[in-house]
Amino acid sequence: MILNYSQPLEFTNLITWLDTALRSSMSEFWVLLIEFVLVAVGLLAAYSVIAMILIYAERKITAFFQARFGPNRVGKYGIWQSVADVIKILLKEIIHINRSDRFLFFAAPFFMIIASMLTFGAIPFGKFLHAVDFNIGVLYVTAVSSLGIIGVLLAGWSSNNKYSMIGAMRSGAQFVSYELSAGFALMTIVVLAGTMQFSEMIEGQRYCWNLFNGHISSMIAFVIYLISGHAETNRGPFDLPEAESELTAGYHTEYSGKQFGFFYLAEYLNMFIIASIATTVFLGGWMPIQIHGLETFNQIMWYIPSYVWFFAKTGVLIFLSLWVRWSFPRLRIDQLLNLEWKYLLPINLVNIVVMVIIVLTGLTLTDLFPGLF
């Protein structure tokens, strides 16, 4: 028997106690309302903290690649630099733009934040650390993450600035193009796993990650998803929508203060979301490394909390994303679109057919070696 030592009993007991206490003194409606509000506050807090950590981590990792120190003044090793930046951006003046569509101009950043928050809420951070476990989780995150492009297009159009508009149109073309490959890559693994529910996907990877279970087809889907996800977040070398040398800052050129902060925040969280989904779908999510037949080893692995496994795997993919960003020059817009439409999408279409054949013929590792996996 494998003991699940990573189960956060204190956290589970706290939730059970709170639910019992509320139900003993309130009606069902108010209990659910309070619990939903608490979950939302928790997600917002995690959203903000993770964003600040990622900003600090990128600065340090970038400095390492460029042989410099990075933040080293605010706190030891500059650890409080992100907090200082948050305070600074909150105090910055919001500059009002003449001849802009004020309603759409102010609404655009909220589309970015809402889209990333909706996706963020469906991520399983650990065992029992899952706000919403949809039975169509893959379809859900694919759908709601696509809402962010509305904010980008509104920001470019409402700014009444030619650079903003060009950046928004580039972002629209880029996002719509690479969303196809990202979606097909995820659907390839859905065919393999037989489910769209994240919790079931993770449980199905107890002894063999989907990255390996589907042979070369899974590996191709993994690489394509990382490339497409990186392009969707508008990060180098796919940062055409906000190319500083051409478009000043692209679609958020005219934004300042908290409004610019929303775009900045959403960009980093989208990077985390892409890595999180890749971890969940391809790398077993929060599931620790388990080897069939080695029960002692498996129990030792369960001593490490599930959320540590999740953040460790996600951190590796984020580091890979930063490595790519600071290693390759920016592509031209025609090169970027050619990569998607002439290479990634055709490969994806063939790859999903290959995966269907693998599943139907029982050529997955779990089917070939049921006793081992």
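Look up: the structure comes first, before these words.
Residues numbered from 1 in each chain as written. Predicted model: local features only at pLDDT ≥ 70, side-chain atom pairs only at ≥ 80, totals over all residues. Heavy atoms only, no water.

(A) Representation of the pattern of salt bridges. Evaluation of the coordinates by the stated rule reveals eight salt bridges. Among the ionic pairs, Asp334 bridges to Arg332, the shortest N-O distance being 2.9 Å. The network of salt bridges with shared partners includes Glu58, Arg235, Glu267 and Arg325. (Salt bridge = Lys/Arg side-chain N within 4 Å of Asp/Glu carboxyl O.)

(B) Here's a closer look at the packing of aromatic side chains. Applying the stated criterion across every chain, the model contains 25 aromatic pairs. Their ring planes at 90° and their centres at 5.8 Å tell us that Phe105 and Phe106 sit as a pair that is edge-to-face. Judged by its relative accessible area of 28%, Phe106 falls in the partly exposed class. Of the aromatic side chains, those joined through ring pairs into one cluster are Tyr47, Phe120, Phe125, Phe272, Phe310 and Phe311. Of note, Lys127 hangs over the ring of Phe128, and the distance from its end group to the ring centre comes to 5.2 Å. Between the NZ or CZ atom of Arg235 and the centre of the ring of Tyr268, over which it lies, the distance is 5.3 Å. (Phe/Tyr/Trp six-rings, centres within 6.5 Å; stacked < 30°, edge-to-face > 60°. Buried < 20%, exposed > 50% of the residue type's maximum accessible area, 1.4 Å probe, protein only. Lys NZ or Arg CZ within 6 Å of the ring centre and 35° of its normal.)

(C) Highlighting the environment of Val191. If you trace the backbone, Val191 turns up in helix H7 (residues 162-193). It is 7.1 Å that separates the C-alpha atoms of Val191 and Met355, two residues lying 164 residues apart in sequence. Setting aside its immediate chain neighbours within four residues, Val191 contacts Met355, Val356 and Val359. (Helix = DSSP H or I, 4+ residues; strand = E, 2+ residues; numbered from the N terminus. Contact = heavy atoms within 4.5 Å.)

(D) Structural view of the nonpolar core. Among the nonpolar cores identified, the biggest contains 70 residues, and Phe120, Tyr225, Phe272, Val281 and Phe282 are the most heavily contacted of them. Broken down by element, the residue count for this core peaks at 13 residues, all from helix H12 (residues 257-282). Leaving out residues up to four positions away in the same chain, Tyr225 has contacts with Ala182, Ala185, Leu186, Ile274, Ile277, Ala278 and Phe282. (Core = buried A, V, L, I, M, F, W, Y, C linked by side-chain atoms within 4.5 Å.)

(E) Quick look at the environment of Ser146. When you line up the elements, Ser146 lands in the loop between helix H5 (137-145) and helix H6 (148-158). Residue Ser146 is classed as partly exposed on the basis of its relative accessible area of 23%. Considered as a pair, Ser146 and Glu179 are 33 residues apart in the sequence and their alpha carbons are 7.9 Å apart. For Ser146, the contacting residues outside a window of four places in its chain are Phe175 and Glu179.

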